[in-house]
Amino acid sequence: FFYAWLQSAMDNCQSSNMSIADDVANDVQLAILDNWDRRDGVVVPDTSSVKFRGGGVDLEAVFLYSDLADSTSMAMWNQYTTARVCKAFLSSSTRLIRHHGGAVRSFDGDRVMGVFVGSSKNTSAVKCALRINWMFNHLLRPKFEAAYEEFRNGKFSLRHCSGVDRSMTIAVRAGIRDNDDIIWVGRAANIAAKLSAIRDTPYHSFISGDVFDAMTDEAKTWRDGQAMWEERSWTQGPVKRIFRSSWWWSP
């Protein structure tokens, strides 16, 4: 009886392995052979608005990534305190992204991604980045420093950075059914994420030259004519012309 059971279990295991191998091979083949059903997008899509098989949405979009710095080091000290910081940062940033007309389409650990479309997308995304800087320096950091000695005495520094870029992008669904999400194929999402990873205090907002050229003067200079952005050469990234800012924009 035991040997019969063992043989049956081995057969079932082999059958299961063959099944997953077939499924994976089928996924690869479908990705190669599926015909694209593409359309132009005027709003930021989500999974419900993009076909799973071959669906694609072409849109010109501005991407904003806002990233909380050094959360790994903080988590090694106290996970629950770090979770409080992350929740405060992500919820506040999300609220500001939505307030400026952006759509939140991704959370990745301690960072959030906003997507902006429409005629004022560049200016809106940049003003949002500057308002996130205001939120962080005038609300989040002072309140957490008041609550925790480790932030007051400099054991852990509360820092963040936002990056913004624009490009043509294709939104498609990837994964398997009930375990899928939108992925964004194009330059802007990648560049915005890389810009948000720059650590150059007191500069906490970085934008590409393309975004700077496209946004209105309202987001370039303050009311008294002071320039809010400084042009830099980015030797470590694929976009060579970027701008940085230490300014914030209060509500």
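Treat the numbers as computed from the prediction; the structure is a model and nothing was measured.

(A) Structural view of the overall build of the protein. Secondary structure summary: the protein contains seven helices and nine strands in total. For a compact globule of 251 residues, the expected C-alpha radius of gyration is about 18 Å, and the protein comes in at 23 Å, more than 25% above that figure. When the backbone C-alpha atoms are referred to their principal axes, the protein occupies close to 85 × 50 × 35 Å. Contacts in the protein between residues far apart in sequence, at least 24 positions, make up 65% of those at least 6 positions apart. In the protein, 30 positive and 29 negative side-chain charges are present, and the distance between their average locations comes to 6 Å.

(B) Main features of the nonpolar core. Ile 207 and Trp 229 are the most contacted members of the largest nonpolar core, which has 37 residues in total. For this core, the elements supplying multiple residues, two or more each, are strand E2 (55-68), helix H3 (79-99), strand E4 (111-116), helix H4 (121-147) and helix H7 (209-214). Ranked by residues supplied to this core, first place goes to H4 with 11 residues. In this structure Trp 229 touches Val 126, Leu 130, Ser 205, Phe 206, Ile 207, Phe 212, Met 215, Ala 219, Lys 220, Phe 243, Arg 244 and Ser 245, once residues within four positions along its chain are discounted.

(C) Examining the layout of surface pockets more closely. Each pocket or cavity is described by its volume, and for the largest pocket that value is around 390 Å³. Together, 15 residues line the largest pocket, and Leu 30, Ala 31, Asp 34, Phe 52 and Arg 173 are the ones closest to its centre. Class assignment of the residues belonging to the lining of the largest pocket gives a composition of seven nonpolar, three polar and five charged. There is about 210 Å³ of room inside the second largest pocket. Together, Lys 194, Ile 198, Asp 200, Phe 206, Arg 232, Ser 233, Trp 234, Thr 235, Gln 236, Ile 242 and Arg 244 line the second largest pocket. Looking at the lining of the second largest pocket, the elements that each hand over two or more residues are strand E8 (230-233) and strand E9 (241-245). Here the lining of the second largest pocket is built from residues that sort into four nonpolar, three polar and four charged.

(D) Structural context of the side chain of Lys 127. Looking at the secondary structure, you find Lys 127 in helix H4. Note on Lys 127: relative accessible area 15%, which makes it buried. A polar side-chain atom of Lys 127 sits 2.9 Å from a polar atom in the side chain of Glu 218. Lys 127 has contacts with His 100, Glu 218, Ala 219 and Trp 249, leaving out every residue within four places of it along the chain.

(E) Examining the pattern of salt bridges more closely. Applying the stated criterion across every chain yields a total of 17 salt bridges. Asp 108 is paired through a salt bridge with Arg 111; the nearest N and O atoms lie 3.2 Å apart. The salt bridge partner of Asp 200 is Arg 244, with a shortest N-O separation of 2.7 Å. Residue Asp 200 is located in the loop between helix H6 (187-196) and strand E7 (205-208), and its partner Arg 244 is located in strand E9; the two are separated by 44 residues in the primary sequence. A relative accessible area of 26% means that Asp 200 is categorised as partly exposed. Among the charged side chains, a salt-bridge network with shared partners connects Asp 200, Glu 230, Arg 232 and Arg 244.

(F) Quick look at H6. With seven of 10 residues buried, H6 lies mostly within the body of the structure. If you check which residues of H6 are buried, you get Ala 188, Ala 189, Ile 191, Ala 192, Ala 193, Leu 195 and Ser 196. Looking at the packing, one finds that the buried side of H6 touches E2, E4, strand E5 (160-176), strand E6 (179-185), E7 and E9.

(G) Highlighting the packing of H3 against H4. Where H3 contacts H4, the axes come no closer than 10 Å and their chain directions differ by 150°. It follows from the interaxial angle that H3 and H4 lie roughly antiparallel. For the pair H3 and H4, the crossing hand works out as right-handed. Between H3 and H4, the residues in contact are Arg 84, Val 85, Ala 88, Phe 89, Ser 92, Ser 93, Leu 96, Ile 97 and His 99 and Cys 128, Arg 131, Ile 132, Met 135, Phe 136, Leu 140 and Phe 144, respectively. Its residues assigned to classes, the contact of H3 with H4 shows 11 nonpolar, three polar and two charged.

What counts, and where the lines are drawn
Residues numbered from 1 in each chain as written. Predicted model: local features only at pLDDT ≥ 70, side-chain atom pairs only at ≥ 80, totals over all residues. Heavy atoms only, no water. Helix = DSSP H or I, 4+ residues; strand = E, 2+ residues; numbered from the N terminus. Rg over C-alpha atoms; globule rule 2.2 N^0.38 Å. Contact = heavy atoms within 4.5 Å. Lys, Arg positive; Asp, Glu negative; His and termini not counted. Charge placed at Lys NZ, Arg CZ, Asp CG, Glu CD. Core = buried A, V, L, I, M, F, W, Y, C linked by side-chain atoms within 4.5 Å. Buried < 20%, exposed > 50% of the residue type's maximum accessible area, 1.4 Å probe, protein only. 1 Å grid on protein atoms, 1.4 Å probe; cavity = no way out; pocket = protein on both sides within 12 Å on 5 of 7 lines; lining within 4 Å. Points joined across faces, edges and corners; volume = space filled by probe spheres on them. Nonpolar A, V, L, I, M, F, W, Y, C, P; charged D, E, K, R; others polar. Polar contact = N/O pair within 3.5 Å; in protein donor to acceptor, adjacent residues only side chain to side chain. Salt bridge = Lys/Arg side-chain N within 4 Å of Asp/Glu carboxyl O. Axes fitted to C-alpha atoms, helices over the stretch in contact; angles between N-to-C directions. Parallel < 35°, antiparallel > 145°, perpendicular 65-115°, else oblique. Left-handed = near helix turned anticlockwise from the far one by under 90°.

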